[in-house]
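# A look at the structure
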Amino acid sequence: MTVLVTGATGSVGRHVVGHLVSAGVPVRALTRNPATAGLPDAVEVFEGDLDRPGTLRDALVGVERLYLFPVPGTAREVVSAAKEAGVRRIVVLSSSSVLDTSGDNHSGEHHRAVERAVEESGIEWTFVRPDEFATNVLWKWAHSIRTEGVVRAPYGNAPRVLVHEADVAAVAAAALLEDGHAGQAYVLTGPQAVTQAEQVAQIAEAIGRPVEFQEITPDQARRFMGQVMPEPVVEMVLGYLADAVAHPPVPVATVEQITGRPALTFARWAADHAADFAPAAQEVAA
């Protein structure tokens, strides 16, 4: 049984590769730049790009199971190529945002297009639908923590059930390796709701340095976030936070049910990523 992992050098894909290698199954990894992939020696690395489905042809030969990173624009072509190559099981990295059927959820529409392409292919499928990734904290706050020791954000008392990327990978790997997951759509969360202010405090604890949380208005946040994110995503994130204050999210136990161990806490995630919040040499010099 050979498994192809797309998005293999991403935050989730790299963990998926690790699980599969540990299980002793033949693993192939698709990446745009094999020279810098840094994957285990046991992994057969192929150069390819989901935006260019034709580049997957060689990697798919002899593959039985596929971990699919979500790229909606080419999903149907990629899935068609997988089916033609004889792939019998696809595990999709999706998102809990697909549960929002309002039609104006950017993330939901993005991931729903991939799910639909896989579901309509007739290939056995499992959808892994994480709620908000803890890694989102990195692009939101890491720079200001490194350079100023401060986080500026709206809705400090908004709780989130942030999920560790390692837990997402563990569930995806189980669905790839084990039977009994066909036709399942697994929503994943962290084990507890943690407010934004509490997240900052736990990061400070992990890195051993004080980090100040400064509350800003949604309009101020909109201006900051708009510098690095498209407007629909900015509005989606702000909407999630506002809704979380009024309707606190409830953790689900899916990770423990699938893996047999409790989901990893945000404090654990912060400890695992402490180095990402350390000032770079040039920042210290400045």
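These remarks concern the structure in this document.

Each value, and the rule that gives it
Residues numbered from 1 in each chain as written. Predicted model: local features only at pLDDT ≥ 70, side-chain atom pairs only at ≥ 80, totals over all residues. Heavy atoms only, no water. 1 Å grid on protein atoms, 1.4 Å probe; cavity = no way out; pocket = protein on both sides within 12 Å on 5 of 7 lines; lining within 4 Å. Points joined across faces, edges and corners; volume = space filled by probe spheres on them. Helix = DSSP H or I, 4+ residues; strand = E, 2+ residues; numbered from the N terminus. Nonpolar A, V, L, I, M, F, W, Y, C, P; charged D, E, K, R; others polar. Axes fitted to C-alpha atoms, helices over the stretch in contact; angles between N-to-C directions. Parallel < 35°, antiparallel > 145°, perpendicular 65-115°, else oblique. Left-handed = near helix turned anticlockwise from the far one by under 90°. Contact = heavy atoms within 4.5 Å. Buried < 20%, exposed > 50% of the residue type's maximum accessible area, 1.4 Å probe, protein only. Core = buried A, V, L, I, M, F, W, Y, C linked by side-chain atoms within 4.5 Å. Pairing = 2+ DSSP bridges. Salt bridge = Lys/Arg side-chain N within 4 Å of Asp/Glu carboxyl O.

We now examine the layout of surface pockets. Looking at the largest pocket, its volume works out to about 1200 Å³. Lining the largest pocket are 45 residues, with Ser95, Ser107, His111, Asn136 and Met236 positioned closest to its centre. If you tally residues by element for the lining of the largest pocket, the top one is helix H9 (residues 231-246), at eight residues. Classifying every residue of the lining of the largest pocket by side-chain character gives 21 nonpolar, 18 polar and six charged.

For the pair helix H5 (residues 136-148) and helix H7 (residues 196-207), interaxial distance at closest approach is 13 Å and the crossing angle is 55 degrees. Relative to H7, H5 is oriented oblique. Here H5 runs over H7; the crossing is right-handed. Taken together, the residues of H7 that come into contact with H5 (itself represented by Val137, Lys140, Trp141 and Ile145) are Gln196, Gln199, Val200, Ile203 and Ile207. Tallied by class, residues from the contact of H5 with H7 come to six nonpolar, two polar and one charged.

Let's shift gears to unusual backbone geometry. In this model, Tyr155 sits at a positive phi of 55 degrees, which is unusual for a non-glycine residue. Among the secondary structure elements, Tyr155 is positioned in the loop between strand S7 (150-153) and strand S8 (159-160).

With that out of the way, let us pick up the side chain of Arg65. Along the chain, Arg65 turns up in strand S4 (residues 65-68). Its relative accessible area of 10% is what places Arg65 among the buried residues. Residues within four places of Arg65 in sequence aside, it is in contact with Met1, Thr2, Val3, Leu4, Val87, Arg89, Leu176, Leu177 and Asp179.

Next up on the list: the nonpolar core. Core analysis: the largest hydrophobic core is formed by 31 residues, its most contacted members being Val5, Val12, Val16, Leu20, Tyr67, Val168 and Leu188. Of all the secondary-structure elements, those providing two or more residues to this core are strand S1 (3-5), helix H1 (13-23), strand S2 (27-31), strand S5 (89-93), helix H6 (165-177), strand S9 (184-188) and helix H10 (254-259). By residue number, the principal contributor to this core is H6, which donates seven residues. Counting residues in each nonpolar core, the second largest holds 24 residues, with Leu56, Ala82, Val92 and Ala117 among its members.

Time to look at the sheet that holds S1. What the seven strands build is an open sheet, ordered S3-S2-S1-S4-S5-S6-S9; its pairing is parallel. Only two strands of the sheet have a single neighbouring strand rather than two, namely strand S3 (44-47) and S9. Direction aside, neighbouring strands of the sheet carry axes that sit 20 degrees apart on average. By the bridge criterion, four bridges tie S2 to S3 in an arrangement that is parallel. Opposite Arg28, over in S3, you have Glu44 as the bridge partner. Relative to S5, H6 is tilted by about 170 degrees, and along the sheet it contacts S1, S4, S5, strand S6 (124-130) and S9.

Turning our attention to the pattern of salt bridges. Under the counting rule described, the total for this entry stands at 18 salt bridges. Note that Arg129 is salt-bridged to Glu115, the shortest N-O span being 2.8 Å. Here the residue Arg129 occupies a position in strand S6, and Glu115 occupies one in helix H4 (residues 106-119), the gap between them amounting to 14 residues. There is no split in this pair, since Arg129 and Glu115 are both buried. Two residues, Arg222 and Glu235, come together in a salt bridge whose shortest N-O distance is 2.7 Å. Here Arg222 is found in helix H8 (residues 218-225), whereas its partner Glu235 is found in helix H9, with 13 residues between them in sequence. Judged by relative accessible area, Glu235 falls into the partly exposed class, the value being 34%.

The values are spatial; any link to function lies outside them.
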